[in-house]
Amino acid sequence: MKYYFLSLLGIIFYSCNSTDEDISMNPQTQADIEIKHLPSKLTSSEKTTHFYYDNQDRLIRFEEKSTENLYAKEFSISYKDNLVNEIILKYESSDSYSYTNLYTFEYIEDNVVITNLFTDINDYSVTQSRTIRIDMSNFLTSGYGIETTYDNKKNLVEIIEDNTGTKNKFDNKNAIYKNVNSSQWLLYYVLKLGIHKENNPLEIHTIRTDRTETNSSVISYEYNSEDFPVKQFITDDNYYTTETQIEYLTK
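Below or above, wherever it landed, is the structure these notes cover. Small disclaimer: the values here were computed from a predicted structure and weren't measured.

Side-chain positions along a regular strand alternate between the two faces of the sheet. Of the strand pairs in this sheet, strand S5 (residues 83-93) and strand S6 (residues 98-108) are connected by 7 bridges, and their pairing is antiparallel. Directly across from Tyr 91, in S6, lies its bridge partner Tyr 99. Taken together, S5 and the strand that follows it, S6, pair antiparallel across an intervening segment of 4 residues, in which Ser 96 is found at a positive phi of about 75°. Taking the residues that link successive antiparallel strands as the turn, the S6-strand S7 (residues 111-120) hairpin has 2 residues, and the phi of Glu 109 there is positive, at about 55°.

Structure representation (structure tokens):
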């Protein structure tokens, strides 16, 4: 099984009217003020994804739909006391099969207990519970067969999960989700949005020890003037390239 990740992005427009008096009292120009980039739309030949945020720049919903309308997914995310409280995933395929995942969370010191209730259209249901460990920056550290290694910029350079080991190499540009005010463990582990939190991955090398199977992906980008990716190109070891266009909401 090959490991890919999706780049998801978006666009809000913020304007600020400055008078001459404002400029004289505050010599900081607009170029000196950091512009936040929140991914709002991701478009590839396979799917389109839209992202939505609250007034704290936290991800509260995203919708994914395949280009040929084979399936549609919608994640709704709610918070309580600045912590993610509940996530509802709704899935529907073109053949009318559907299911719902209800995620709930319990926080015990540096542990997060994640409970998932799965229910489908055929009234089949099952509940699973997993515990992960996070650090003070809300980055995933370990749990449920997972071990992580980060560099000094908090990029996830190595992860071991069950019988799979993955090593990653990063650029020095602004990550797609850098300004998203949601925890890294949530974006990466639960929502499966990839490892673009600090910088952007350039290479991903995966080894399945139980099958002696290796997979590699090479990633390149086009960046905007603020060094955020606006296009991503993922080439797998069969030399197939997937292009993704990234749009942002800026503020």
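Once that is clear, we can look at the nonpolar core. Counting 45 residues, the largest nonpolar core has Leu 59, Ile 87, Phe 105, Ile 114, Trp 185, Val 190 and Leu 191 as its most contacted members. Looking at which element gives the most residues to this core, the answer is helix H2 (residues 184-190), with 6 residues. With residues up to four places along the chain from it excluded, the contact list for Ile 114 reads Tyr 103, Thr 104, Phe 105, Gln 128, Ser 129, Arg 130, Ile 132, Trp 185, Tyr 189 and Val 190.

Attention now goes to the packing of aromatic side chains. This structure, assessed with the given rule, holds 12 aromatic pairs. Between Phe 139 and Tyr 150, the aromatic rings sit 5.6 Å apart at their centres with planes inclined by 85°, giving edge-to-face as the arrangement. Highlighted residues: Phe 139 in the loop between strand S8 (125-134) and strand S9 (140-143) and Tyr 150 in strand S10 (residues 146-150), separated in sequence by 11 residues. Assigned by exposure class, Phe 139 and Tyr 150 land together as buried. Of the aromatic side chains, those joined through ring pairs into one cluster are Tyr 71, Tyr 91, Tyr 97, Tyr 99, Phe 118 and Tyr 124. Directly above the aromatic system of Tyr 52 lies the positively charged group of Arg 61, at a separation of 4.0 Å from the ring centroid. The ring of Tyr 189 is capped by Lys 192, whose NZ or CZ atom sits 4.9 Å from the centre of that ring.

Summed over the entire model, instances satisfying the criterion amount to 9 salt bridges. Salt-bridge contacts for Glu 64 lead to Lys 47; the nearest nitrogen and oxygen are separated by 3.9 Å. Remark: Lys 47 occurs in strand S2 (residues 47-53) and Glu 64 occurs in strand S3 (residues 59-66); sequence separation between them is 17 residues. Residues Glu 63 and Arg 61 are paired through a salt bridge, measuring 2.9 Å at the closest nitrogen-oxygen approach. Among the residues examined, Glu 63 registers a relative accessible area of 24% and is labelled partly exposed. Through salt bridges that share partners, Lys 36, Asp 57 and Lys 251 make up one connected network.

On to the environment of Ile 134, then. You can see Ile 134 is positioned in strand S8. A C-alpha to C-alpha distance of 6.3 Å links Ile 134 and Asn 111, two positions 23 residues apart in sequence. Dropping the residues within four chain positions of it, Ile 134 is found in contact with Asp 110, Val 112, Phe 139, Leu 140, Thr 141 and Trp 185.

Rules and cut-offs
- Residues numbered from 1 in each chain as written.
- Predicted model: local features only at pLDDT ≥ 70, side-chain atom pairs only at ≥ 80, totals over all residues.
- Heavy atoms only, no water.
- Pairing = 2+ DSSP bridges.
- Helix = DSSP H or I, 4+ residues; strand = E, 2+ residues; numbered from the N terminus.
- Core = buried A, V, L, I, M, F, W, Y, C linked by side-chain atoms within 4.5 Å.
- Buried < 20%, exposed > 50% of the residue type's maximum accessible area, 1.4 Å probe, protein only.
- Contact = heavy atoms within 4.5 Å.
- Phe/Tyr/Trp six-rings, centres within 6.5 Å; stacked < 30°, edge-to-face > 60°.
- Lys NZ or Arg CZ within 6 Å of the ring centre and 35° of its normal.
- Salt bridge = Lys/Arg side-chain N within 4 Å of Asp/Glu carboxyl O.

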